Amino acid sequence: MTQDPAHQGAASGPDDARDAETSPHPGGTEPAGRESTPTEDADQAAEQAPPEEKKRAGCFKVGCLTLLSMIVVIALAVGGLALYVNHQLDQIQHSNSLLPSDGPTRDATAGKAQNILLLGSDSRGKNLRDNGRSDVIQLMHVSSDRRSIQVVHFPRDLYVAIPGHGMNKINAAYSFGGSKLLVSTMQNLLGLHIDHVAQIGFDGFTKLTNAMGGVDVYVRYPYSEGGFGSWTQGYHHMNGEQALGFSRERHQLPHGDIDRGVDQQEWINAMVTKALSRGTLENPKRALDMISAIAPYTLTDTSTSYLITLAVSLRNISRNDLTFYTAPFSGFAKNSVGDVDVVDMPKMKQLGASLRTDSMSSTSVTPNTVS
């Protein structure tokens, strides 16, 4: 699969003015000022926020509810910690305004399966409730029998119909109308009921990785770019800041944001692998540190009791029970909103049907190779 160099990292709809400086240049070189470093992003957000909000300023874009579920299971498994876990989870931010009031109904054949939208934003507002850009959109499907989890990455430049706004890039839906409009857009695209939404902030990403003692992440494509790191192909041990840079890099990847989404799945895979390792399971302090790291920087529509119930139901999940995908697209194009990913509608409808009926084992979409 090849890609026009101008497409890599293209801006999205209303984001064009803010992202114009980040369009890639042939050869992977990066002129000064095209995109700030992770540290600069955090500093800028902190300057704009009042003192009491500085610790939460800046949002990063990786869905982590899969990890959160695993983390809760770990803490419960070590015994005698349930009350403390519940106290820590109470730090999660909750909102009833993340989901639309209408949309497709649940398919009865899906049983107890859950579809949970995992996202983050580039909001530079006061907290996780502000609209910004949603550059990473990952949909997690938990099977009815709780024996498998599928995570589907939706590239930000997918060209889709947004209710009330015509055709545009999918992440423009978040800019136009926040989580509600993004959910409506995805429900229409897939013919699927989305049950819940979860969003994680910048600080939670780095602190969670550090609370794990860092993780071993597989780098598929070598790159070297200021502010994002310099890595050769293969496994590398990364701390929180390093993993953040790795998960943000797209300019020097062969297919821009599409490859970035798979790299973020590599991080999720590395986190789950370590979370389920014997050393972590036997270390109550580390398990509790992980919960403390992520809880204050998570926003969701669900209750604490739902998270614990879901976590307990996933107690027998192993790394081999997770499968990763990219939402199907047929190629690239350029139109009035810029460079876009063309949706493969037949395959997208097949994916929606598989998610809707909890039959992902028979989906025609090819899984991503995640090490």
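Along each chain, residue indices are assigned from 1 in the same order as the chain's sequence is written. It should be noted that, the model being predicted, local features are given only for residues of pLDDT at least 70 and side-chain atom pairs only at 80 or more, the latter also being counted only at that level, while totals for whole chains, interfaces and linings use all residues. Based on all heavy atoms of the structure, the side-chain values leave hydrogens and waters out of the count.

## Side note on the overall build of the protein chain
How we decide: Numbering of helices and strands runs from the N terminus, with a helix taken as a DSSP run of H or I at least four residues long and a strand as a DSSP run of E at least two residues long. All accessibility values rest on the Shrake-Rupley procedure with a 1.4 Å probe; residue burial counts only the protein chains present in the view.
When helices and strands are counted, the protein chain shows 12 helices and 15 strands. Just so you have it, the protein chain exposes about 14300 Å², and 51% of that area is on carbon and sulfur atoms.

## Focus: the nonpolar core
Inclusion rule: Only buried residues count toward a nonpolar core, which is a set of Ala, Val, Leu, Ile, Met, Phe, Trp, Tyr and Cys residues joined through side-chain atoms within 4.5 Å. Whether a residue is buried, partly exposed or exposed follows from its accessible area with a 1.4 Å probe, protein chains only, as a fraction of its type maximum: under 20%, in between, or over 50%, in that order.
Counting residues in each nonpolar core, the largest one holds 45 residues, and the members touching the most others are Ile149 and Trp267. Looking at this core, the element that brings in the most residues is helix α8 (residues 256–275), giving 7 residues. Leu139, Ala327, Leu355 and Val365 belong to the second largest nonpolar core, which has 35 residues in total.

## Re the confidence of the model for the protein chain
The cut-off we apply is this: A residue's pLDDT is simply how confident the predictor is in it, with values from 0 to 100. Residue contacts are defined here by distance: any two heavy atoms, one from each residue, within 4.5 Å place the two residues in contact.
Residues at a pLDDT of 70 or more form 71% of the protein chain, whose mean pLDDT is 77. Confidence, read as mean pLDDT per element, is least for helix α1 (residues 16–19) in the protein chain (38) and greatest for strand β5 (residues 159–162) (98). Every residue in residues 1–66 is under pLDDT 50, and counting partners more than four places away or in other chains gives 169 contacts. For residues 69–80, every residue scores under 50 in pLDDT, and the model assigns this stretch 34 contacts once sequence neighbours within four places are set aside.

## Some thoughts on the packing of helix α7 (residues 240–248) against α8
The following threshold applies: Axis geometry follows a simple rule: fit a line to the C-alpha atoms, using only the stretch in contact for helices, then measure angles between N-to-C directions, giving values from 0 to 180 degrees. Any angle between 65 and 115 degrees counts as roughly perpendicular, while under 35 counts as roughly parallel, over 145 as roughly antiparallel, and the rest as oblique. Three categories are distinguished: nonpolar for Ala, Val, Leu, Ile, Met, Phe, Trp, Tyr, Cys and Pro, charged for Asp, Glu, Lys and Arg, and polar for the others, with Gly belonging to the last.
As a packed pair, α7 and α8 sit with axes 8 Å apart at the nearest point and diverge in direction by 150 degrees. Classified by the interaxial angle, the pair formed by α7 and α8 is roughly antiparallel. From α7, Ala243, Phe246, Ser247 and Arg248 reach across to α8, where they touch Arg260, Asp263, Gln264 and Trp267. Split by residue class, the contact of α7 with α8 holds 3 nonpolar, 2 polar and 3 charged.

## Brief notes about α7
The α-helix winds at 3.6 residues per turn, so residues separated by three or four positions along the chain end up facing the same way. Short version of the rule: Polar contact is defined as a pair of N or O atoms within 3.5 Å, subject to the rule that within protein one atom must be able to donate a hydrogen and the other to accept it, and that residues adjacent in sequence are counted only when both atoms are side-chain atoms.
Judged by how many residues are buried, α7 sits mostly within the fold: 7 of 9 residues are covered. Residues of α7 that are buried: Gly240, Ala243, Leu244, Gly245, Phe246, Ser247 and Arg248. For α7, the N-terminal cap is Asn239; the gap from its side-chain oxygen to the backbone nitrogen of Glu241 is 3.2 Å.

## Focus on the pairing of strand β8 (residues 215–219)
Cut-off, in case you're wondering: Following DSSP output, two strands are said to pair if at least two bridges run between them.
Residues Val215, Val217 and Val219 of β8 are buried on one face, while the alternating residues Asp216 and Tyr218, pointing to the opposite face, are not. Inspection of the sheet shows β8 paired to strand β11 (residues 234–238) by 5 bridges, in the antiparallel sense. Bridging from a neighbouring strand, Val217 pairs with His236 of β11.

## Observations concerning the packing of aromatic side chains
Defined as follows: In summary, the pairing rule links any two rings of Phe, Tyr or Trp, Trp by its six-membered ring, whose centres are within 6.5 Å, and it sorts them by plane angle into stacked for under 30 degrees, edge-to-face for over 60 and tilted for everything else.
All told, the structure shown has 2 aromatic pairs when counted by the stated rule. Seen in terms of ring centroids, Tyr218 and Tyr235 are 5.0 Å apart; in terms of plane orientation they differ by 65 degrees. Their pairing is edge-to-face. Linking Tyr218 in strand β8 with Tyr235 in strand β11, this pair joins segments that are 17 residues apart in sequence. Residues Phe329 and Phe332 carry aromatic rings whose centres are separated by 5.6 Å and whose planes lie at 45 degrees to one another, so their mutual orientation is tilted. With relative accessibility at 17%, the residue Phe329 sits in the buried group. Phe332 gets classed as partly exposed once you look at its relative accessible area, which sits at 23%.

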